[in-house]
Amino acid sequence: MKFKPSIKPYRGAAGGWGSLEATTRYVFDSKQPLKNLRNLLRVNKARGFDCPGCAWGDDNHSTFSFCENGAKAVSWEATRSAVEPAFFAAHSVSTLLQQSDYFLEYQGRLTHPMRYDAASDRYQPISWPAAFALIAQHIRQMDNPSQIELYTSGRASNEASYLYQLFGRMLGTSNFPDCSNMCHEASGVGLKQSIGVGKGTVRMEDFELADAIFVFGQNPGTNHPRMLHSLKQAAKRGARIVSFNTLRERGLERFADPQNPLQMLTPTSSPISSAYFQPNLGGDLAAVRGIVKALLETHRQRLAEGQAGLFDRVFIEQHCIGVEEYLAQVDASAWSHITQQSGLSESQLRQAAAIYQSAERVICTWAMGITQHKHSVATVREITNLQLLFGQLGKPGAGLCPVRGHSNVQGNRTMGIDEKAPKALLDSLEQHFGFTPRREAGHNTVEAIEAMLRGEVKVLLALGGNLAAAAPDTERTAQALRNCELTVHISTKLNRSHLITGKEALILPTLGRTELDLQASGPQFITVEDSFSMVHASEGIGRPLSENQRSETAIVCGIADAVLGSETLDWLALADDYSLIRDHIQATLPGFDNFNQRCEQPGGFYLGNAAAELRFATPSGKAQFSTAALPETLRAHQGAEQAPFTLQTLRSHDQYNTTIYGLDDRYRGVYGQREVLFIHPQDLAELGLQEGELVEIETLWHDGVVRKVSGFKLVSFAIPRGNLAAYYPETNPLVPLTSFGDGTGTPTSKSIPVTIRRCASAPAWRIA
């Protein structure tokens, strides 16, 4: 397809006619418009399928339970276009590597198992039994189980994820790198340290009761648009929405509901944020510290005047420890340090504090703008500190709400996809299945790539995802994959990871969420877990494009049967009847009592959250205030502070994770292109550059490795000075593999120290 690049401001609200037009275009572009219109009526509905997009919960009130990006995901998956063996016969891997990510996935659905032939540099058809036998052969040739990495995407179902980790543990490995390692790991780590549970404490209905909602590092208009419905309804009834986001994002400003006839037929739209603050990248920790400092001053002043203090003294005394140490740290944080680091003025932070103080029920919600920094765990815990001071846990309309990315990334972790699995899980698996799982921690994603680079990994199995494009330090990641003896990708569509092969490679085509999964015992459904700990049944309705496509669950069982046999567990029987898998989940995981029966509940069932019930699984049995000092620098290492700019990577509106649906970013005014760099207009002037000029971006790091990309068009944007933004995966080559969050291993993709300079040409981003 040809695109006409342009930069033009978008004047409309988020949603509205622009959203409706884009939805219609993608439905018709799938070449199956009637089928996909029917599919959309079944998205997030009882006896339907869970949206393959984001992990936002279902409100169960709307006539249509999908958003624009959900419609893109459904249409993108349920396309009639197919990548068949003839396609691979006509295109060498080297040739395909020169194509864009958009071109690769636009070709359509994978239909046949394929094996890479190095001699011809092409993928060739292979039968399913032969593919499973090849995987088993390579695994048996390993020196030890640590030489395999089992990567997982958040798209995988609960059933497939549970069997995947069970297979790995029976094999003897703990290496379960997954997409959460690169995104929301800090949420789980920080919340566990503070309240003993690594999940959010709120439910969907809490948004209907909150008096104020503080939104940190989050762009729902692009990343989880259905959240805008909840924010719109909250704002409409008078709740204050307070947004902290480095970029000025249209979805946080105003929203026109495509399901509202009045807003579609008139110029009206709903305002979202009542206050909008633009902190420096990584400055949210200082911003929250400033809010607490302002509230602490008011609290003490009221006590001195003989009035009741602001803080919930009863809640703190009954349920928390460490408050005095924390408040001492707040006292030690100077306003000058807070304002310099946050990029916000004292008056702005006092304004936010006043809104917080006036609200009886507060929700704090955040996403990857918080979790992809060196000090992300400290930031998550600082947000938690704020909520603990006011007892904003354990009551309706209040709590903590990390909004996960992919549709089942939270469920994957619940099912045991965890390189540091809790003892209770391993004990349960050992008792139920009668084997001894490995107790030592395995590799997260960054550690897995490092191990591959060292030549310590022979086999990579990837259950979904696009690791080559999603991971940091693109060229090093590519080399890591090429060091493997065998790379295996279970995928719906062609992507860049299939072209960065080990010495041998397999592509195994799988069914999507939208498709009928017919096994020996009849049609099957799978389950997923959203960001609110609600478990939903998901049942596809469309006929698969090819009889050679298999479900993720069946593929995992086929691999496990070929490698381990059926003596300990009848894997093929589990593939025939998913209810048997849910019986095992019920027997080994808490919260899944009567699992199969509860799947019949409309809207799904709630797993529960101990912290929301004020039961804290911490060493003390109480919520723990953290006492982190503000970091000396927001940069990931000493010396990087000399860099003139900090860059964050982000998604465009025509994108979900590494899937590129199109080349437009409507709300930011970018059309027909992706190599753009958002920059403050005064920074442009100071550099002597003009909007539209092409620049080279280079990372300033301490290891002597040159990391740079070229040909990025400068776009003037509402972003704080010294901060830059650009799309991934195009700028993933700039993220050092050795730059990751404290205690998380998450790449610091939102705080890359860079410099920019003018360049003459615009080479496309490619892996060599």
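Preceding this section is the structure that the text describes.
Residues numbered from 1 in each chain as written. Predicted model: local features only at pLDDT ≥ 70, side-chain atom pairs only at ≥ 80, totals over all residues. Heavy atoms only, no water.

Undergrad: Can you explain the pairing of strand β18 (residues 504–509)? Please cite residues and give values.
TA: Of all six residues making up β18, six are buried, and the element is well covered by its neighbours. Of the two faces of β18, the one holding E504, L506 and L508 and the one holding A505, I507 and P509 are both buried throughout. Direction of pairing for strand β5 (residues 114–117) relative to β18: antiparallel, over a ladder of two bridges. Note on β18: the bridge partner recorded for M114 is I507. Where strand β17 (residues 486–491) meets β18, six bridges bridge the pair, whose relative direction is parallel. Paired with H489 across the strands is I507, a residue of β18. (Buried < 20%, exposed > 50% of the residue type's maximum accessible area, 1.4 Å probe, protein only. Helix = DSSP H or I, 4+ residues; strand = E, 2+ residues; numbered from the N terminus. Pairing = 2+ DSSP bridges.)

Undergrad: Let's hear about helix α8 (residues 158–171): which residues, and what values?
TA: Across its 14 residues, α8 extends 20 Å between first and last C-alpha, which sits within 8% of the 20 Å expected from 1.5 Å per residue. Across the 14 residues that make up α8, a large majority, 14, are buried. Just past α8, the residue G172 takes up positive phi, approximately 115°. (Expected span 1.5 Å × (residues − 1).)

Undergrad: I'd love a proper account of the sheet that holds strand β14 (residues 362–366), names of residues and values included.
TA: With respect to topology, five strands assemble into an open sheet ordered β12-β9-β8-β14-β15, the strand pairing being parallel. Of all the strands in the sheet, just β12 (275–277) and β15 (399–402) have a single pairing partner and so form its edges. Neighbour-to-neighbour, the strand axes of this sheet turn through a mean angle of 15°, independent of strand direction. Bridge count between β14 and β15: four bridges; the pairing is parallel. (Axes fitted to C-alpha atoms, helices over the stretch in contact; angles between N-to-C directions.)

Undergrad: Let's hear about the pairing of strand β25 (residues 645–650): which residues, and what values?
TA: For β25, the buried fraction is high: six of the six residues fall into the buried class. By the alternation rule, side chains of β25 split into F645, L647 and T649 and T646, Q648 and L650, which are all buried. Where β25 and strand β33 (residues 752–758) come together, three bridges link them in antiparallel fashion. Its bridge partner lying in β33, T646 is registered against P753. Pairing analysis gives five bridges linking β25 to strand β32 (residues 723–727), with the strands arranged parallel. In the strand pairing of β32, L650 is matched with Y727.

Undergrad: Just give me the short version of helix α19 (residues 376–389), but keep the residues and values in it.
TA: Every α-helix winds through 3.6 residues per turn, so residues three or four apart in the chain are directed the same way. In a regular helix each residue adds 1.5 Å, so 14 residues correspond to 20 Å; α19 covers 20 Å between its end C-alpha atoms and thus fits that length. By the criterion of burial, α19 is predominantly enclosed, with 14 of the 14 residues buried. Downstream of α19 by one or two residues, G391 has phi in the positive range, about 60°.

Undergrad: Could you give me a rundown of the state of the cysteines, with the residues and numbers involved?
TA: Here the structure, examined in full by the defined rule, presents zero disulfides. C179 carries a free sulfur, and the closest cysteine sulfur to it, the one in C183, is 5.9 Å from it. (Disulfide = S-S within 2.5 Å.)

Undergrad: Talk me through the packing of aromatic side chains; I want residue IDs and the actual numbers.
TA: Considering all chains together, one arrives at 20 aromatic pairs under this definition. Centroid distance Y102 to Y106: 5.3 Å. Interplanar angle 25°. Geometry classified as stacked. Of the two residues, Y102 and Y106 are both situated in helix α6 (residues 101–106); the distance of four residues between them amounts to about one turn of the helix. The exposure class assigned to Y106 is partly exposed, which follows from its relative accessible area of 25%. An aromatic cluster is built from F214, F216, F244, F277, F311, Y356 and F390, whose rings are joined through pairwise contacts. Above the ring of Y276, the side-chain terminus of R248 is found at 4.1 Å from the ring centroid. (Phe/Tyr/Trp six-rings, centres within 6.5 Å; stacked < 30°, edge-to-face > 60°. Lys NZ or Arg CZ within 6 Å of the ring centre and 35° of its normal.)

Coordinates in, geometry out; function isn't part of it.
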